[in-house]
Amino acid sequence: KNQVEQSPQSLIILEGKNCTLQCNYTVSPFSNLRWYKQDTGRGPVSLTIMTFSENTKSNGRYTATLDADTKQSSLHITASQLSDSASYICVVSPNTGNQFYFGTGTSLTVIP
Amino acid sequence: DAGVIQSPRHEVTEMGQEVTLRCKPISGHNSLFWYRQTMMRGLELLIYFNNNVPIDDSGMPEDRFSAKMPNASFSTLKIQPSEPRDSAVYFCASSPVGGGVGNEQFFGPGTRLTVL
């Protein structure tokens, strides 16, 4: 069964600290994995997309890693800011059919 | 560009009433997606269109839900009759490249639906 699981479900960190969010998936055959950031009351916004051959991709203070062998991805946030408070959603697409699979997200709260 | 536009932003209705949600995708985008988001289930894809044609509606929960895309700049999601369990935030998203669901999608602000 194709699934995407994210951990932790929620996280609270102090401003300026780093954090890492996890995404494990069983989707196969794998095509790509995307991380979205969703601010409260708004639609998700894409942060990064990674294909099978990519191990790391950065977008400013956000760095995503992918291990296609273990089917794991992480999103690392460096020097967190209050504006990083949001839900982070992992989405995995197979290379067959027209489906994609969403994780339930990690809710991140950055406090001063 | 104004981005994906959805209306209304909030809708409160009574059980049994018809609800119509509207979406205007980004100009030039070929694909349009309708999602539902709840605390319990997260984001769920309901249906998506490619070049105005419905490609996959397997996520539509029941026959009470229907979606149309009469032209490249407009889509509707209708619920008739509505039920309290339909309460959720409904997102519309569009993608600039047709056919591939893995391509980047640009989301609208969502419509928060409450069915009493």
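Cut-off values and rules
- Residues numbered from 1 in each chain as written.
- Chains lettered and ligands numbered in written order.
- Predicted model: local features only at pLDDT ≥ 70, side-chain atom pairs only at ≥ 80, totals over all residues.
- Heavy atoms only, no water.
- Helix = DSSP H or I, 4+ residues; strand = E, 2+ residues; numbered from the N terminus.
- Rg over C-alpha atoms; globule rule 2.2 N^0.38 Å.
- Buried < 20%, exposed > 50% of the residue type's maximum accessible area, 1.4 Å probe, protein only.
- Contact = heavy atoms within 4.5 Å.
- Areas by Shrake-Rupley, 256 points an atom, 1.4 Å probe, with all protein chains shown as cover.
- Lys, Arg positive; Asp, Glu negative; His and termini not counted.
- Charge placed at Lys NZ, Arg CZ, Asp CG, Glu CD.
- Pairing = 2+ DSSP bridges.
- Core = buried A, V, L, I, M, F, W, Y, C linked by side-chain atoms within 4.5 Å.
- Axes fitted to C-alpha atoms, helices over the stretch in contact; angles between N-to-C directions.
- Buried area = accessible area lost by both parts, 1.4 Å probe.
- Salt bridge = Lys/Arg side-chain N within 4 Å of Asp/Glu carboxyl O.
- Polar contact = N/O pair within 3.5 Å; in protein donor to acceptor, adjacent residues only side chain to side chain.

Scanning chain B for helices and strands turns up zero helices and 11 strands. Reading the secondary structure of chain B in the N-to-C direction produces β-β-β-β-β-β-β-β-β-β-β. In summary, chain B has a C-alpha radius of gyration of 13 Å against a globular reference of 13 Å for 116 residues, a match within 12%. For chain B, the spread of C-alpha atoms along the three principal axes comes to 40 × 30 × 25 Å. Within chain B, buried positions represent 47% of all 116 residues. In chain B, of all internal contacts separated by at least 6 residues, the share reaching a separation of at least 24 is 55%. Entry remark: accessible area of chain B is about 5600 Å², with carbon and sulfur atoms responsible for 50%. Measuring between centres, the 10 positive side-chain charges of chain B sit 3 Å from its 12 negative side-chain charges.

Glancing now at the pairing of strand β4 (residues 30-38) of chain A. The side chains of a regular strand alternate, residue by residue, between the two faces of the sheet. Residues and elements named next belong to chain A. By the criterion of burial, β4 is predominantly enclosed, with eight of the nine residues buried. Strand direction decides the pairing type here: β4 and strand β9 (residues 86-94), joined by eight bridges, are antiparallel. What sits directly across from Lys37, in β9, is Tyr88. Of the strand pairs in this sheet, β4 and strand β5 (residues 45-51) are connected by six bridges, and their pairing is antiparallel. Bridged to Arg34 within β5 is Ile49. Joining the antiparallel neighbours β4 and β5 is a turn of six residues, in which Gly41 adopts a positive phi near 80°.

On to the nonpolar core, then. Counting residues in hydrophobic clusters, the biggest one holds 24 residues, and the most contacted among them are Tyr25, Leu33, Trp35, Leu75, Tyr88 and Val92 of chain A. Listed by contribution, the elements that provide at least two residues to this core are β3 (19-25), β4, β5, β7 (62-67), β8 (72-77), β9 and β11 (106-111) of chain A. Leave out the neighbours within four places in its chain, and Leu75 of chain A touches Cys19, Thr20, Leu21, Trp35, Leu47, Tyr62, Thr63, Ala64 and Tyr88 of chain A. Within the second largest apolar cluster, 21 residues are counted, among which are Cys23, Met60, Leu77 and Cys92 of chain B.

All names here are of chain B. Judged by pairing direction, the sheet is antiparallel, and its four strands sit side by side in the order β1-β3-β8-β7 without closing on themselves. Every other strand in the sheet has two partners, leaving β1 (5-7) and β7 (65-71) as the edge strands with one partner each. Adjacent strand axes in the sheet meet at a mean angle of 15°, parallel and antiparallel pairs treated alike. Bridging between strand β3 (residues 19-24) and strand β8 (residues 74-79) involves five bridges; their strand directions are antiparallel. What sits directly across from Val19, in β8, is Ile79.

This part is about the interface of chain B and chain A. Every contact between the two is made by 20 residues of chain B and, on the other side, 16 residues of chain A. For the pairing of chain B and chain A, the buried interface totals around 1400 Å² over both sides, and the portion due to carbon and sulfur atoms is 54%. For the pair chain B and chain A, the interface holds zero salt bridges. For the pair chain B and chain A, the interface holds one residue pair in polar contact (both at pLDDT 80 or more). Those elements giving two or more residues to the side of chain B that touches chain A turn out to be β4 (31-38), β5 (42-50) and β6 (53-56) of chain B.

Residues and elements named next belong to chain A. Here the bond from Ser7 into Pro8 is cis, since omega is -10°, no more than 30 degrees from zero. Structurally, Pro8 can be placed in the loop between β1 (4-7) and β2 (10-14). Across the junction of Ser28 and Pro29, the peptide omega takes the value -10°, indicating a cis bond. Checked against the element boundaries, Pro29 lands in the loop between β3 and β4. You will see that Lys71, though not glycine, has its phi angle at about 60°, which is positive. Of note, Lys71 is situated in the loop between β7 and β8. Overall, Lys71 belongs to the partly exposed group, its relative accessible area being 28%. At Ala79, a position not held by glycine, the phi torsion is positive, near 50°. Along the chain, Ala79 falls in the loop between β8 and β9.

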